[in-house]
Amino acid sequence: KRKEYLQIISKETHRLTALINNILDFAAIEAGKKEYKFAVRDLNETVAEVVDNYSVVLSESGFTLQTDFAENLPTVSIDRDAIGQAVLNLVNNAIKYSPDEKYISVKTKPGMGGVGAAIEVTDRGAGIPSNEHIKIFEKFYRSGGADDVHNVKGSGLGLSLVKHVADAHGGSVTVKSVVGKGSTFTIWLPAANLRTEAVSISL
């Protein structure tokens, strides 16, 4: 029983921490005070750290995690914390909408045409109707693809913040999804432009 309760506390702590961070980020964005500090960093290291920190939660939730970090990625300039939060939001999203087949893949790869780099998060969950692929990145929008969407915990801010982070990096985020088959979200990042200054970008 102690182990069971500890697992519940651990999962809820991680969930609430992510929720609070999203709300704080959203508040900063709305106030026009969100700052990004860009530096040339190892993308694989940044993504791997997020996955490692969340591996216990994934395991306790019964998920199989597969990772694939490409070697010799093109150099990118990123805000480490922002990219980490974006990846965490995508992983959390995959967890929430995968009630049956509990599988998540996180990988890095070169960008389109070998320019820049990309982060890809895949699940085999409920999937998203094609007519919602744009709407899901709007603030507070909750996809109706899952029958139990109203029972899924969340603020409806996660994907809009992922988009904001991608945009702030001069990149983009895309989704490929089939209802009942799962979804793949990809954050596309441009090649490094050697920015290191702090910038404020409003949503």
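Residues numbered from 1 in each chain as written. Predicted model: local features only at pLDDT ≥ 70, side-chain atom pairs only at ≥ 80, totals over all residues. Heavy atoms only, no water.

Engineer: Go over helix 4 (residues 158-168) with me, naming the residues and quoting the values.
Structural biologist: Most of helix 4 is tucked away, with 9 of its 11 residues classed as buried. Burial in helix 4 covers these residues: G158, L159, S160, L161, V162, H164, V165, A166 and A168. Two residues or fewer past helix 4, G170 is found with a positive phi of approximately 75 degrees. (Buried < 20%, exposed > 50% of the residue type's maximum accessible area, 1.4 Å probe, protein only. Helix = DSSP H or I, 4+ residues; strand = E, 2+ residues; numbered from the N terminus.)

Engineer: Now, about the confidence of the model for the protein chain: what can you tell me, with residues and values included?
Structural biologist: Summary statistics for the protein chain give a mean pLDDT of 82 and a share of 75% for residues scoring 70 or more. With pLDDT under 50 throughout, residues 146-150 is counted as low confidence; its partners more than four residues away or in other chains account for 6 contacts. Low pLDDT (under 50) marks residues 194-198, which in the prediction has 15 contacts with non-local residues, meaning those over four places away or in another chain. (pLDDT = per-residue confidence, 0-100. Contact = heavy atoms within 4.5 Å.)

Engineer: Explain the packing of helix 3 (residues 80-96) against helix 4 to me, and be specific about the residues and the numbers.
Structural biologist: Packing of helix 3 against helix 4 leaves a shortest axis separation of 9 Å and a crossing angle of 145 degrees. Between helix 3 and helix 4 lies a crossing whose hand is left-handed. Residues A82, I83, A86, N89, L90 and N93 of helix 3 pack against G158, L159, L161, V162 and V165 of helix 4. Partitioned by chemical class, the residues of the contact of helix 3 with helix 4 number 8 nonpolar, 3 polar and no charged. (Axes fitted to C-alpha atoms, helices over the stretch in contact; angles between N-to-C directions. Left-handed = near helix turned anticlockwise from the far one by under 90°. Nonpolar A, V, L, I, M, F, W, Y, C, P; charged D, E, K, R; others polar.)

Engineer: So, the pattern of salt bridges: which residues are in play, and what are the values?
Structural biologist: As enumerated under the stated definition, the model contains 5 salt bridges in all. For R124, the salt bridge identified is with E101, shortest N-O distance 3.0 Å. One end of the pair, R124, is in the loop between strand 6 (117-123) and helix 4; the other, E101, is in the loop between helix 3 and strand 5 (103-110), and 23 residues separate them in sequence. Overall, the relative accessible area of 38% leaves R124 in the partly exposed class. Look at E101 and you get partly exposed, because its relative accessible area is 41%. Between K109 and E120 there is a salt bridge whose closest N-O contact spans 2.8 Å. Placement of the pair is K109 in strand 5 and E120 in strand 6, with a sequence separation of 11 residues. Here E120 falls in the buried class, since its relative accessible area comes to 12%. Here the residues in one salt-bridge network are E49, R80 and D81, joined through shared partners. (Salt bridge = Lys/Arg side-chain N within 4 Å of Asp/Glu carboxyl O.)

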